[in-house]
Amino acid sequence: MSATLSVEKLSVSYANGTERIEAVRSLSFDVAPGECLGIVGESGSGKTQLLMAAMGLLAGNAVIDGSVRFEGEELITRDSAELNRIRGAKVSMVFQDPMTSLTPHLKIGIQLAEVLVCHAAMSWRDAWAAAERTLGRVHISEPRRRLNQYPHELSGGMRQRVMIGMGLLCGPSLLIADEPTSALDVTVQAQIIELLRGLRSEMGMALILVSHDLGVVAGLADRILVMYAGRAVECAATQVLLQQPRHPYTAGLLKCIPSLDGPRVERLATLPGQPPQPGERLEACAFAPRCPRAAERCRIERPQLLGSSTGSVACHFPLTS
Amino acid sequence: MFRYFLTRLASAIPTLFIIITATFFLMRAAPGGPFDQEQTLSPEIMANMQAAYGLDQPIWKQYGRYIASLAHGDFGPSFKYKDFTVTELIAQGFPVTLELGVIAMVLALIVGIPLGTFAALHHNSAADYAAMSAALVGIAIPSFVVLPFLGLLFGVYLHWLPVSGWEPRSLSHLALPIIALALPPLAYIARLTRGSMLEVLRSHYIRTAFAKGLPLRTVILRHALRPALTPVASYLVPAVASIMTGSLVVESIAGLPGIGRFLVQGALNRDYTLVLGMVIIYSALLIGMGLLVDLLYAWLDPRVRVR
Amino acid sequence: MAALGEDAVRRLRASPVALGALIVMSAMIGLALIGPWLNPNSIQSLDWLHVAAHPSTQNAHWFGTDRLGRDLFVRTLAGTRVSLAIGLVASAISLLVGVIYGAVAGYAGGHTDHVMMRIIEILSGLPLIFFVIFLTVIFGRNEYLLFLSIGAVGWLSMARIVRGQALSIRHKEYIEAAVASGARAGRIVAKHVIPNLLGPVIVYATLTVPQIILFESFLSFLGLGIQEPSASLGTLIAEGASEMESAPWILLVPGGFLALLLLCLNIFGDGLRDAFQVEEG
């Protein structure tokens, strides 16, 4: 069965005068149908840019290289009109800031129904009814009343549910969630993750979950892709990654998560140093300055992403169990 | 929302009242009287005229009479156009000026807003620069220069349109004055819309709209336009003021019998009641416009209605 | 302060449009100033032989003559001088009033500031022309009244800008530090307040001049401004408008001059605003 989403050597850079700022560098990964892929990385790692590239939402001065194929169709070369058939219908995206991601002057019902009116050629009446059902699906109480409300009348958690509902309306094969919980309280975060889990098993769609928080991703993803400085540094099945991380960066991330049943620590572990700025040119391993295992080779030669049966890693001296 | 409108109305009426009172007393307190420019009249005739116009009464009584007659829509007699009352003059001229002003305002909006939107969508292109440069020219050059130029071009050289004069129901006579009046607000509205649209297009909710696969037209018309128009709504009252100001000159040049021309004549002739009446009408118009704009804000942004 | 100036000059140099406007403007001003020496005609002289004559290089009437035989070249340049003079003087006055008003409001803050700003709000809403016309009716036509009303055009936005700056400066740490270290108020004003105000003030002063020239031309056009025998561009345009169909150059020359002058001033002012990176408002 062909992959739902297939990214091959994707590079996204921005021209800024004479400089080129590289946000994503030669990234490759696949998402199988019905699979949940978690993408983890710090801010500046390029994870949002790669999503924007896939959805055709990049700014005008972006330069894209490589290929993004959805169900076999190449997305990069398409113009807006063609992309519009796919966006919102077969591939949906949920953004991280529910407070600002909904149009303030339109009723919730309109923002939901318009997706169906546009993509499924439904009448407004039918679309409105479908929207009400979707609100119920995402566990919003009193859906009929909510349809006639404006975004500012809903809480952050409810708005995020509405966003997720908006993404589900046309029964997409792929739902992309970019930091869906980052702007929400911890308790609400858990609810949203639960919602996504339930919807996934109910609808069987593929899910890409992007976050800087490994804990959020670990609860839901089948596989995890770790990004650093625009590149993939490790990719493996979730349990494998959590128990036997092979890239020093992944190991470092895991150490940063405080655990309730580990030894009591004096200080929370952090990763020393800063990730590189998007504009920096890197010939060698980007993580070398911060890596406790870095050797001479790491500062000269960039490690390639090498696969094995358990997963792939881009490191000259990967950790072994 | 109805309550919101009522509170705004409640503060508008006193404002108008203050304006009426202030102008009335200022006028009476001014040095010289309305008959100063006539040839010297004998004291008896002066006294008779004063009595006829009620100028010999104590000032409070005059004020009271004025307000009372205002309530009946009577602005008093014109001091210079002896056969007419101010009310009659206003009734004659107002429809002309209103027609002129309303069409100009509508023109400014229906050309300015799309122009600004177009410029924003083609940001930094040649078309954008061209449009904004044209807008700058429109803003900088006054209507009393534009109208004669247009008249020269279209009337004298190209013979497309009549240069001056007025016939009822004749659009071609009004065409050039309307364009000259509409040009500065049009240009300003185009600039405002462009800047505001550019900002709105950067919003997160516009990104969401595009991600939903909505066509560009829908994103602009349904999602982007209303928030982008808020600065334009703020500009509406100054725009009307600008059109009112422009109409003074445009009516004079084009020979249109509107109230703008009366105001200018009244000023040159020191016709007190006429000018007083005009000032009141114009002020009432502006205040009314302000109320409409407040309502418009509430429609543009639902969050305002909560207050 | 030097750094601010350098940055701005650099940005200004990079904008060919603004520079172009500056050059054209300077050329016009230069022409207006040296005009009298270029052409033998005087402002008043009536040339009965060439009444309402076309512009030509044969006789000395390069821009033609008007209905009374007065040379248009000389008259237009004189009108330009009058308009510019009024523009600059009135701008200077409104600049002074605006800066003082804004500085007081911003620095005083609190209730005083609130009241002062309300006054500005109310005044901005009124179309000034009606006020002026009204005053003209009461007080007759009067040169002082003219200057007063013209000056009243520009000071509002200036006051707003200055007050905004004064408010933000008041709370900046380096002011508090300066006060804490015992610096006198005058020194604070000179070293900290003024350099920050300079940019926006220069920009708005430049943009006020065309506003004022426009207003004055408007008044003169209606016959409520400059009186005979002096004439500003507005008066000349009014004369030209009545002769439009028979002798269009009487309108075109002063009209063109005014349009070009205002355009250049606005473009240059816009360029300055970009150079000093002041916000639109």
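Residues numbered from 1 in each chain as written. Chains lettered and ligands numbered in written order. Predicted model: local features only at pLDDT ≥ 70, side-chain atom pairs only at ≥ 80, totals over all residues.

## Quick word on the confidence of the model for chain B
Definition in use: Scored from 0 to 100, pLDDT reflects the predictor's confidence in each residue.
Across chain B, pLDDT averages 79, with 77% of residues at or above 70. Predicted complex metrics record ipTM = 0.88 and pTM = 0.82.

## Observations regarding the domain arrangement of chain A
Residues and elements named next belong to chain A. Formally: An automatic or database domain assignment supplies the start and end points of every domain. Remark: residues whose backbone-derived C-beta atoms lie within 7 Å of one another are considered to be in contact. For this classification, the nonpolar set comprises Ala, Val, Leu, Ile, Met, Phe, Trp, Tyr, Cys and Pro, the charged set comprises Asp, Glu, Lys and Arg, and every other residue, Gly included, is treated as polar.
Each domain of chain A was delimited in the assignment, giving domain 1 (1–90 + 177–259 + 270–321) and domain 2 (101–169). Taking only C-alpha atoms into account, the centre of domain 1 sits 30 Å from that of domain 2. On the domain 2 side, the residues contacting the 11 residues of domain 1 number 10 residues. Looking at the side of domain 1 that touches domain 2 residue by residue, the class counts come to 9 nonpolar, 2 polar and no charged.

## A word on the pairing of strand E8 (residues 206–211) of chain A
Residue and element names in this part refer to chain A. This is how it is decided: Residue burial is a threshold on neighbouring C-beta atoms within 10 Å of the residue's own C-beta, all placed from the backbone, with 20 or more meaning buried, 12 or fewer meaning exposed, and counts in between meaning partly exposed. Each helix corresponds to a stretch of at least 4 residues labelled H or I by DSSP, and each strand to a stretch of at least 2 residues labelled E; elements are numbered beginning at the N terminus. Strands are treated as partners if at least two bridges between them are detected by DSSP.
Burial runs high along E8: 6 of the 6 residues are buried. Sheet topology places strand E3 (residues 36–40) next to E8; 5 bridges connect them, and they run parallel. Bridging from a neighbouring strand, Gly-38 pairs with Leu-209 of E8. Note: strand E7 (residues 174–178) against E8, 5 bridges, orientation parallel. Along E8, the bridge assignment pairs Leu-175 with Leu-207.

## Quick look at the environment of Ala-183 of chain A
Along the polypeptide, Ala-183 of chain A turns up in the loop between E7 and helix H7 (186–203). Along the primary structure Ala-183 of chain A and Pro-104 of chain A are separated by 79 residues, whereas in three dimensions their C-alpha atoms are 18 Å apart.

## Brief notes about the interface of chain C and chain B
Each partner contributes to the interface: chain C provides 32 residues, whereas chain B provides 36 residues. Those elements that provide at least two residues to the side of chain C that touches chain B are helix H5 (128–139), helix H8 (185–222), helix H9 (233–242) and helix H10 (249–276) of chain C. When its residues are assigned to classes, the side of chain C that touches chain B shows 24 nonpolar, 7 polar and 1 charged.

## Here's the deal with the packing of helix H4 (residues 86–121) of chain B against helix H12 (residues 272–300) of chain B
Residue and element names in this part refer to chain B. Selection criterion: Angles here are taken between N-to-C directions and fall from 0 to 180 degrees, while the axes themselves are lines fitted to C-alpha atoms, restricted in helices to the stretch in contact. Here is the rule for angles: anything less than 35 degrees is roughly parallel, anything more than 145 is roughly antiparallel, 65 through 115 is roughly perpendicular, and the remaining ranges are oblique. Less than a right angle of anticlockwise turn of the near helix away from the far helix marks a crossing as left-handed, whereas a clockwise turn marks it as right-handed.
Relative orientation of the contacting elements H4 and H12 amounts to 50°, with a least axis distance of 10 Å. On the basis of the axis angle, H4 is oblique to H12. In the crossing of H4 with H12, the sense of the turn from one axis to the other is right-handed. Residues Val-86, Leu-89 and Ile-90 of H4 lie in contact with H12, whose contacting residues are Thr-273, Leu-274, Gly-277 and Ile-281. Among the residues making up the contact of H4 with H12, the classes are represented as 5 nonpolar, 2 polar and no charged.

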